[in-house]
Amino acid sequence: MHARSSSRARLRQIVATHPLFVALVAAVPVVEVVAALQGGPGPSIASVRNPFAAIALASVFCRYIIYDRAGRTRKWIVYLTPLTWLVALAIEGRSAPPPLLWLDMLFGLGVLGTFGFLLAAASVTDAEAKSRYVEQLLNALLFPLGASMVSFGLWSTYRINPVYDSRIYAFEEILGFKFSILGVKSYHLLSPLSGLATACYTMLALAMTVVAGAQGNAKRERQFLTATVVAGACGFALYFLCPVVGPLTAFGPLYPGALPVLSPDAPLLVAPTGAPRNGMPSLHTIWALLLWFNLGGLSARLRQGLKVFVILTLWAVMGLDDTHW
């Protein structure tokens, strides 16, 4: 009876101190059901087929390795990492495309990191230390829970028309400098460096994990994590209010070599379906800037490295083929 009341008290404490985690846990099955009814990609498939979601899940493993440096179980978790690749091979088969194997492996790393936190919490007798492991696990799961719903969110925007790209481009012309064209042309011109920028763009969730773990206290860490998740939710809401597909989808394969001359009151465009309306705001830009604004607790060398990471990410936002405005 005492154990049951203690478990209830612990559950109430989690709900009170981690409302965002509870909200995401509740949202994931709802999105899964809605996605199944509408024929879209649910969180379960996104976690093993969407690179951003899979990397976000793998960040749980990175968070565990960083946090449990002196833990008694840490080395065993590290020893188990090759199993993630073996399991991926067993599931997909040796003839499977390497990207699928990598996505499965990233999913496996996320599961392994979650197991590491739980095993570490179970192995300590001190109640405060046990609570800290659970706290870190709940924080680490915020990114993958939110990212698992990204695929369905983007898919939901595919058929929205018209889009506002013509007016966004007209506004850029008013500025007198076409940043979008500069981004794409420089990206193609500086191909070795742009490859590194693409890697930074892809690995943004891992950098966010490092910065979250480096915050000075638990309150500051929760504020950073909350800001990133809330920014994502606001961004997806804005995709429905101001749908933008980006210049490449809006103006076709001739971009950026040939673009129309548009007035500020240019008519809205009808864009092809099958492309996400996520051109504005760029959530990668928002998250990269949140990284920059929250580097205060890190060492000087790591701060400089992450600032370069942010700059390269912002360049990739403008330079990749599915470029944002």
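Now for a quick tour of the structure. None of the values given here were measured: they were computed from a predicted structure. (Residues numbered from 1 in each chain as written. Predicted model: local features only at pLDDT ≥ 70, side-chain atom pairs only at ≥ 80, totals over all residues. Heavy atoms only, no water.)

Tracing the chain through its elements places cysteine 242 in the loop between helix H15 (218-241) and helix H16 (247-251). For cysteine 242 and alanine 212, which are 30 residues apart along the polypeptide, the C-alpha to C-alpha distance reads 30 Å. Those residues in contact with cysteine 242, other than ones at most four positions away along the chain, are Tyr164 and Met280. (Helix = DSSP H or I, 4+ residues; strand = E, 2+ residues; numbered from the N terminus. Contact = heavy atoms within 4.5 Å.)

This next bit is on the packing of aromatic side chains. Enumeration according to the criterion identifies nine aromatic pairs in this entry. Aromatic pair tyrosine 64 and phenylalanine 117: ring centres 5.3 Å apart, planes at 75°, arrangement edge-to-face. Remark: phenylalanine 117 occurs in helix H7 (residues 98-123) and tyrosine 64 occurs in helix H4 (residues 51-67); sequence separation between them is 53 residues. Both rings, one in phenylalanine 236 and one in tyrosine 239, keep their centres 5.2 Å apart while their planes meet at 70°; by these two values the pair is edge-to-face. With phenylalanine 236 and tyrosine 239 both in helix H15 and three residues apart, this pair spans about one turn of that helix. A relative accessible area of 15% places phenylalanine 236 in the buried class. Using a relative accessible area of 2% as the deciding quantity, one classes tyrosine 239 as buried. Each residue in the set Tyr64, Tyr67, Phe117 and Tyr133 is aromatic and connected to the rest through ring pairs, giving one cluster. The ring of tryptophan 155 is capped by arginine 159, whose NZ or CZ atom sits 4.8 Å from the centre of that ring. (Phe/Tyr/Trp six-rings, centres within 6.5 Å; stacked < 30°, edge-to-face > 60°. Buried < 20%, exposed > 50% of the residue type's maximum accessible area, 1.4 Å probe, protein only. Lys NZ or Arg CZ within 6 Å of the ring centre and 35° of its normal.)

Once that is clear, we can look at the pattern of salt bridges. For the structure on display, the rule yields five salt bridges. We note a salt bridge from aspartate 104 to arginine 49, for which the minimum N-O separation is 3.3 Å. Taken as a pair, aspartate 104 in helix H7 and arginine 49 in helix H3 (residues 43-49) lie far apart in primary sequence, 55 residues in all. Look at arginine 49 and you get partly exposed, because its relative accessible area is 33%. In this structure, arginine 132 and glutamate 128 form a salt bridge, with 3.3 Å as the shortest nitrogen-oxygen distance. (Salt bridge = Lys/Arg side-chain N within 4 Å of Asp/Glu carboxyl O.)

Moving on: unusual backbone geometry. With the exception of glycine, the majority of residues adopt a negative phi angle, and the majority of peptide bonds are in the trans configuration. A cis geometry characterises the amide bond from asparagine 161 onward to proline 162, with omega recorded as -5°. Along the chain, proline 162 falls in the loop between helix H10 (150-156) and helix H11 (165-175). Cis geometry marks the peptide bond from methionine 280 to proline 281, where omega comes out at 0°. On the secondary structure map, proline 281 appears in the loop between H16 and helix H17 (283-293).

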